[in-house]
Each structure stands twice: as structure tokens, then as C-alpha cells.
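Architecture at a glance
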Amino acid sequence: RLDPGEKRWIQFVNEKGETKGGVDLGSKGPRFSAASGDFAEHHPRDPTQQPFEEGDLVGFGPAGLTRKTKGSRQLGVISRQAIVVGSVPADSDLSQWDTVAYIGKVPVKLRGSARRDDFLVPSGKEDGTAVATSGVPDITVGRALHDYAAKLDAAAEDDSVPQPISTWQPRS
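In this report, we go over the structure that sits alongside the text. Owing to the predicted nature of the structure, the values given are computational and were not obtained by experimental measurement. (Residues numbered from 1 in each chain as written. Predicted model: local features only at pLDDT ≥ 70, side-chain atom pairs only at ≥ 80, totals over all residues. Heavy atoms only, no water.)

This brings us to the pattern of salt bridges. Overall, the coordinates contain seven salt bridges when judged by the stated rule. Residue Lys-109 pairs with Glu-53 through a salt bridge whose shortest N-O separation is 2.4 Å. One end of the pair, Lys-109, is in strand E10 (residues 105–110); the other, Glu-53, is in the loop between strand E4 (38–44) and strand E5 (57–61), and 56 residues separate them in sequence. Here Lys-109 falls in the buried class, since its relative accessible area comes to 16%. Between Asp-127 and Arg-111 there is a salt bridge whose closest N-O contact spans 2.8 Å. In this pair, Asp-127 is assigned in the loop between strand E11 (119–122) and strand E12 (130–133) and Arg-111 in the loop between E10 and E11, connecting sequence segments 16 residues apart. Classification of Asp-127 by relative accessible area gives partly exposed; the value is 27%. (Salt bridge = Lys/Arg side-chain N within 4 Å of Asp/Glu carboxyl O. Helix = DSSP H or I, 4+ residues; strand = E, 2+ residues; numbered from the N terminus. Buried < 20%, exposed > 50% of the residue type's maximum accessible area, 1.4 Å probe, protein only.)

Everything listed here is a matter of geometry and, on its own, says nothing about what the molecule does.
Here you go:
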């Protein structure tokens, strides 16, 4: 029970003493807060795939998560900053699973530039990257939250080095 006027129940503090989140009393009841913010769930990784990195765009394939998004009916983004993670497998299986953001703001590996509200779709390179489009696509992983100018790499043969940008994950 809290003392009168006390609203913070639990506080999460890093080694520098900075508050990174907590559980407190909001105006309508308990409220979770954190510096991170998406909601994610664990899914098995296709055994032919190397481990994923934060921001990889993935498809849900018949054998599990894959960077091969062509033909996927559902897309996702690998998250490393979820505040809530569901369907956690047994510790012995954890290395074969990964977390996919279901809703929230997550970084996505992007090739090229994006404008705020552009749709993010698979790049077609089957490498976990997205490209931005202003047209309405058949399948999307989310929308850009801000403008992003590509950082061109003189050594790259094509457009740019993949860079993470923030997106929101819509779910119907």
C-alpha cells in the first residue's frame, strides 16, 4: 500500500542511477512506464536462418521467422526494446526463437530515404531490409514516423547502407 501522495510503486534504475521505467499509480489505476515501448511476442526462427538483429524485417514462413519475405502473408520487425514480451519459450529453446514487435515504435533497417508517413515494405533483397513507398502497398510492416535521408556509402554497389529508422507497427 502506498503512503498518501505517493504514486511510484516500483522504479527501474540503471547503473548510472537514471530512471528507465516503473510502475506507478495513474489517474485510473496502475500504469507501466519505460524508455522502451513496443509489445512483442516470441516466434521460432526458421532453422536455415542465421540469428536476427534488431530492426530486421522478417516474414512468417512455414518453418518460422525468415528474412525471405517474398510471398509472406505477414511481416514483422525484430525487437530488442519491448516493454512486454509474450510466448517466451523454455530457456533451452530460447536461442532458436526471436521477438517480433506486434505494436509500438520500433527501429527498422531501411534502404534509401523515407518521408514521414511513407509505408515501409520489404526491399526485395531478402536481407531483412525495408524500403519506403508513398503508394498504398498490398502488405506493409508499418509507416515511417519521421523523414530520413539515406547515408550513401561510396563502397556500396546499390542504394545505401541499411539504417534503422522508427516505425509504428499497425495490427488489425
